[in-house]
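# Architecture at a glance
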Amino acid sequence: MAQFLRILLSLLLGAISILTGLSYILREYSKDLPDSRQLANYEPSVTTRVYAGDGSLLSEYAIEKRFFTPLAILPLHIPKAFLSAEDKAFYQHSGLDFMGIIRAITINIQHYGTKHKPMGASTITQQVAKNFLLTSEVSLERKLKEALLAFRIEKMFLKEHILELYLNEIYLGFSSYGVTAAAMNYFHKSLDELTVAETAFLAALPKAPNNYHPLRHPIAARERRDWVLERMAEDGHITAEEAMLAQSEPILVRDRTATEGIGSSGHLVEDVRRLLIERYGEHSLYKSGLHVRTTIDLKLQSLAEQTLRHGLITYDRRHGWRGGISHIPVKTGWIRGLCGIPRPVGLPTEWTLAVVLALDSSRAVIGLVDGRTGVLPLSELAWARSWKPEQTLGPPVRTVSDVLGIGDVVAVEQLCPEIGDGQLIPTYGLRQAPEVEGALVALDPHTGRVLSMVGGFAYKKSSFNRATRAFRQPGSAFKPFVYIAALDNGYTPSKTIWDAPFVVDQGAALPKWKPQNHDGGYLGLMTLRLGLEKSRNLVTVRLAQAVGMPTVADYARRFGIAEHQQLGLAMSLGATETTALRLTGAYAMLANGGKQIQPTFIDRIQNRSGRTVYSHENRICTNCRPCRWLKQPRPMLPDTRTQVTDPLSAYQMILLLQGAVQHGTGRKVAVVDRPLAGKTGTSNDNMDAWFVGFSPDLVVGVFVGFDEPRSLGLRETGSSVAAPIFRAFIQAALADRPVTDFHMPAGIHLVRVSRATGMLASADNVDVILEAFKPGTVPESRSSSRPLLGKFSQNPNSSGDIPLTPNTSFLPEKGRLY
């Protein structure tokens, strides 16, 4: 009996010692535990999403791609699948599943020394503790802290809150955090669209997402998914028949980029990203889950990308062949050699690499990456004359060997097959990525919403946005803003100015400035209309001299072209720097009647809670949301836009620019059967080519030039390079829109005048137009049939001075006028 009591006392003392030790350990570890109360206000890092105007997804920005979804709106089969896979007894335990621990220990002992991975017994609560409050360090200390935190969490929060935290935080591979992001990234579906099989696959991932990657490890992924389906059937969440049916389904991963706008609009989306960082900071962009609705019209965006790309390729083909991409031996192993050639970044998807296997005088036989062969006929090589400096060309192509050699690796595009020897022969065209770059911007002139913007040939080739960041000289595309300044200061479209020699003494040690017309000649006295239509530099310089360069510079600032400019007369000819977006926005203010607009890429930004934190439309409509209609007047939104020019002057400018399209340097655009106005622009030495134009409701600007400025080549001007791109875009963009004309403001008088003289038309005039005049400015005299326009041979007066109309205005600091 005494011995029994001694044993019992020893056991009691041992138990007390163990409990004391455990108590000490728990107390010590509890001191350093993170505060689990932070889980009460869970605001996870969520994805910022950028949408097109129609709601299509354009891009996502996140450190952890996650979309928070409350448990209350999750489809029931989602949490059931994860409970079956991860924590069957979730609603029964208090943080630790002791039966699960015993089972895991037993199985691990049985499999000790084998290749089986150790079985874990962490509950969902423990995983929440680890993911939110601890690290993934593998140590006994971390496991003890995890267990203690699990108990605390269970005491502090409802099971539903814990499960909600888990389903939104867990990493599931494919850069997906939480079940909502995983459903989107794996299957391009919302949670309520998932099948039982797809749900089971997602539930199979938490243990080791990379081990069950559906593309790299398809067999393991399917086995794990089928195991989850069996567990779901055992737990009564689905029937055995449903499990068997789901197990027969393959795991089909869908590429989101095939159906969303992701990957397109690269230059515009990158500018949106920069703007968001500038306004809200990187933390908000990558963690706060902003919802950004852009102004982009995906149909117009796709059209802009196609037309700019085609225009740049067309220009490039006019200037010859610069040689193949690479060269490989073709006697043996040419497929392997061709596969080893990296595809140049930014090649259009419809182009492929090929190697020349054989050739004769009329065609080349080419081999493709997949082992197929085809032919390049001589007719498809006619453009490929050798490139020479200054954008000139070598001799005409007479045989295939003038262009290609055996082993040359080139880019090709498949064409319609030819028929030879009674069978179809795959036929290809030779392609070359252009060195020249460009930009295209289209926007709504009434709101400033940018509907499409392309900043180069290929975003993957260069993320530099030439529409917003390339400051280039606009050349003659700036001239309308000299003319609008004149129209606002007493001039009419019928006023006459000399197109004659012009020399300015720039001061000591500086050469005299002698601007020239593009053709080097002079046409004598002409109206403002003809001066703009024919883009006569000397008329513009005289007009700028008369109006005053400070006034011209002020108009450039008002229209947003440039903030700070030098006041030299050369600026009137476009010797200032601006961007395609700025210049297109300036033309938009002409098109809308002189109202100031601010080009914008963003319509609205909402935070993660759906509250609007930015809206481009900031006007207040007090009567737009009545409870019911009681025959009250229609609510009217106030027009808060600033008037930057007289609307009557703006309308006169529109008609002048319509003349430039119909009769002047923009004639290539006139084939579009719509009311259009616009102007070409070419900088010195043909380094920059422009066309900016508009219909009543759409403004489009096109720029083409090399990134490192150099000449585009002889006769390569805005008319030959940029105008065809504008024409192709505007014709397609307006194809399904109703025909509308430009709005004529009250006060304008349309008067029949001679197009040549600007005077009231007489009975014998044959070239008559309707000209717009402000009240009190209509010409009083009638024109004879003899035009003013004629070749200028000498100064019009004996003193040698060129008269300026309506007054003479000199810039003393720039010297005197000769």
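Residues numbered from 1 in each chain as written. Predicted model: local features only at pLDDT ≥ 70, side-chain atom pairs only at ≥ 80, totals over all residues. Heavy atoms only, no water.

Next up on the list: the overall build of the protein. When its secondary structure is counted, the protein shows 21 helices and 24 strands. For the protein, buried positions account for 49% of its 818 residues. Taking the intrachain contacts of the protein between residues at least 6 apart in sequence as the baseline, contacts between residues at least 24 apart amount to 68%. About 39,600 Å² of surface is accessible on the protein, with carbon and sulfur atoms providing 55% of the total. (Helix = DSSP H or I, 4+ residues; strand = E, 2+ residues; numbered from the N terminus. Buried < 20%, exposed > 50% of the residue type's maximum accessible area, 1.4 Å probe, protein only. Contact = heavy atoms within 4.5 Å. Areas by Shrake-Rupley, 256 points an atom, 1.4 Å probe, with all protein chains shown as cover.)

This brings us to the layout of surface pockets. In this structure, the second largest pocket spans a volume of roughly 1,100 Å³. Lining the second largest pocket are 40 residues, with Ile 597, Gln 598, Pro 599, Thr 600 and His 616 sitting closest to its centre. When residues of the lining of the second largest pocket are traced back to their parent elements, those giving at least two are α11 (266-280), α18 (549-558), α19 (580-591), β18 (602-606) and β19 (612-615). Of the residues belonging to the lining of the second largest pocket, the class tally is 11 nonpolar, 14 polar and 15 charged. (1 Å grid on protein atoms, 1.4 Å probe; cavity = no way out; pocket = protein on both sides within 12 Å on 5 of 7 lines; lining within 4 Å. Points joined across faces, edges and corners; volume = space filled by probe spheres on them. Nonpolar A, V, L, I, M, F, W, Y, C, P; charged D, E, K, R; others polar.)

Here the focus is the sheet that holds strand β1 (residues 48-51). An order of β2-β1-β3-β18-β19 is seen for the 5 strands of this open sheet, with the pairing classed as mixed. A single partner strand is all that each edge strand has here, and the edge strands are β2 (57-61) and β19. Recorded for the sheet is a direction-independent mean angle of 15 degrees between the axes of neighbouring strands. When β18 meets β19, the two strands line up antiparallel, connected through 3 bridges. Of the residues in β19, the one forming a bridge with Arg 604 is Ser 615. Running at roughly 50 degrees to β18, α11 makes contact with β1, β2, β3 (291-294), β18 and β19 of the sheet. (Pairing = 2+ DSSP bridges. Axes fitted to C-alpha atoms, helices over the stretch in contact; angles between N-to-C directions.)

Across the interface, helix α8 (residues 196-203) lies against helix α9 (residues 218-234) with an axial gap of 8 Å and an inter-helix angle of 105 degrees. Relative to α9, α8 is oriented roughly perpendicular. In this structure, α8 contributes Val 196, Ala 197, Ala 200, Phe 201 and Ala 203 to the contact, and α9 contributes Ala 221, Arg 225, Val 228, Leu 229 and Met 232. (Parallel < 35°, antiparallel > 145°, perpendicular 65-115°, else oblique.)

This next bit is on the packing of aromatic side chains. What characterises a pair of aromatic rings is the spacing of the ring centres plus the angle enclosed by the ring planes. This structure, assessed with the given rule, holds 21 aromatic pairs. Where Tyr 42 meets Phe 68, the ring centres are 5.9 Å apart and the plane angle is 65 degrees; that geometry is what we call edge-to-face. Of the two residues, Tyr 42 is situated in the loop between α1 (2-31) and β1 and Phe 68 in the loop between β2 and α2 (77-86); the sequence distance between them amounts to 26 residues. Note on Phe 68: relative accessible area 33%, which makes it partly exposed. Aromatic side chains Trp 321 and Trp 383 sit 6.0 Å apart centroid to centroid with 80 degrees between the ring planes, which places their arrangement in the edge-to-face category. Of this pair, Trp 321 sits in the loop between α13 (298-318) and β4 (326-327) while Trp 383 sits in the loop between β7 (373-377) and β8 (387-388), and the two are 62 residues apart along the sequence. The class of Trp 383 is buried, set by a relative accessible area of 12%. Of the aromatic side chains, those joined through ring pairs into one cluster are Phe 478, Phe 481, Tyr 555, Phe 559, Tyr 587, Phe 694 and Phe 742. When the ring centre of Phe 90 is taken as origin, the NZ or CZ atom of Lys 159, which lies over that ring, is 4.5 Å away. The ring of Tyr 555 carries the charged tip of Arg 558 above its face, separated from the ring centre by 4.1 Å. (Phe/Tyr/Trp six-rings, centres within 6.5 Å; stacked < 30°, edge-to-face > 60°. Lys NZ or Arg CZ within 6 Å of the ring centre and 35° of its normal.)

Evaluation of the coordinates by the stated rule reveals 35 salt bridges. Among the ionic pairs, Glu 154 bridges to Lys 159, the shortest N-O distance being 2.9 Å. Across the pair, exposure class does not vary: Glu 154 and Lys 159 are buried alike. By sharing partners, the salt bridges in this structure join Arg 529, Glu 533, Arg 755, Asp 767 and Glu 771 into a single network. (Salt bridge = Lys/Arg side-chain N within 4 Å of Asp/Glu carboxyl O.)

Turning next to the sheet that holds strand β20 (residues 677-682). Taken in spatial order, the 5 strands line up as β15-β14-β22-β21-β20 in an open sheet, and their pairing is antiparallel. The sheet is open, and its two edges are formed by β15 (450-454) and β20, each paired on a single side. Averaged over all pairs of adjacent strands, the angle between their axes in this sheet comes to 5 degrees, without regard to strand direction. As paired strands, strand β14 (residues 437-443) and strand β22 (residues 698-705) are joined by 7 bridges and run antiparallel to one another. Across the sheet, the residue bridging to Leu 443 is Val 699, located in β22.

On the secondary structure map, Glu 708 appears in the loop between β22 and α21 (718-733). Taking the C-alpha atoms as reference points, Glu 708 and Met 687, 21 residues apart in sequence, are found 9.6 Å from one another.

Within the largest apolar cluster, 84 residues are counted, with the highest numbers of intra-cluster contacts made by Phe 481, Leu 543, Phe 559, Ile 561, Tyr 587, Met 653 and Phe 694. Top element by residues in this core is α19. It accounts for 9 residues. For Leu 543, the residues in contact, after removing those within four places along its chain, are Val 482, Tyr 483, Ala 486, Tyr 491, Ile 497 and Leu 528. Of all hydrophobic cores here, the second largest spans 50 residues; its members include Phe 90, Ile 162, Leu 172 and Ala 203. (Core = buried A, V, L, I, M, F, W, Y, C linked by side-chain atoms within 4.5 Å.)

Quick look at the packing of helix α15 (residues 479-487) against helix α20 (residues 647-663) now. What describes two packed helices is the angle between their axes and the distance between those same axes. Interaxial distance between α15 and α20 falls to 9 Å at its minimum, and their mutual angle equals 140 degrees. Considering the angle they form, α15 stands oblique to α20. α15 and α20 meet at a crossing whose hand is right-handed. Mapping the contact onto sequence places Pro 480, Tyr 483, Ile 484 and Leu 487 in α15 and Ser 649, Ala 650, Gln 652, Met 653, Leu 656 and Leu 657 in α20. Here the residues of the contact of α15 with α20 are counted per class, giving 8 nonpolar, 2 polar and no charged. (Left-handed = near helix turned anticlockwise from the far one by under 90°.)

Taking 1.5 Å per residue as the helical rise, α11 with its 15 residues ought to reach 21 Å, and the 21 Å between its terminal C-alpha atoms agrees with that figure. Burial in α11 covers these residues: Gly 266, His 267, Leu 268, Val 269, Glu 270, Asp 271, Val 272, Arg 273 and Leu 276. Contacts from the buried residues of α11 go to β1, β2, α12 (282-287), β3, β15 and β18. Note on α11: the residue one or two positions beyond its end, Gly 281, has a positive phi of about 90 degrees. (Expected span 1.5 Å × (residues − 1).)

Once that is clear, we can look at the side chain of His 213. Here His 213 shows up in the loop between α8 and α9. Residue classification places His 213 among the buried positions, given a relative accessible area of 10%. At 3.1 Å, the side chain of His 213 and the backbone nitrogen of Leu 215 are in polar contact. A polar contact of 3.2 Å, which involves the side chain of His 213, links it to the backbone nitrogen of Arg 216. If near-sequence neighbours (up to four positions away) are discounted, His 213 is found in contact with Phe 174, Pro 218 and Ala 221. (Polar contact = N/O pair within 3.5 Å; in protein donor to acceptor, adjacent residues only side chain to side chain.)

With that out of the way, let us pick up α15. Among the 9 residues in α15, 9 count as buried, and that is most of the element. Taken together, the buried positions of α15 are occupied by Lys 479, Pro 480, Phe 481, Val 482, Tyr 483, Ile 484, Ala 485, Ala 486 and Leu 487. At its buried positions, α15 is contacted by α16 (528-533), α17 (537-547), α18, α19, α20 and β20.

Assignment of secondary structure puts Asn 168 in helix α6 (residues 159-169). In this view, Asn 168 contacts Tyr 42, Arg 66, Phe 67, Phe 68, Thr 69, Tyr 177 and Gly 178; residues no more than four positions away in its chain are not counted.

We now examine the environment of Ala 233. Topologically, Ala 233 is positioned in helix α9. Apart from residues no more than four positions distant in its own chain, Ala 233 is found in contact with Ile 238, Thr 239, Ala 240 and Ala 243.

A word on the confidence of the model for the protein. The predicted coordinates ought not to be read in detail in places where the model reports low pLDDT. On average, residues of the protein score 87 in pLDDT, and 86% of them are at 70 or above. Mean pLDDT across the secondary structure elements of the protein bottoms out at strand β11 (residues 418-420), with 60, and peaks at β22, with 98. Every residue in residues 790-818 is under pLDDT 50, and counting partners more than four places away or in other chains gives 58 contacts. (pLDDT = per-residue confidence, 0-100.)

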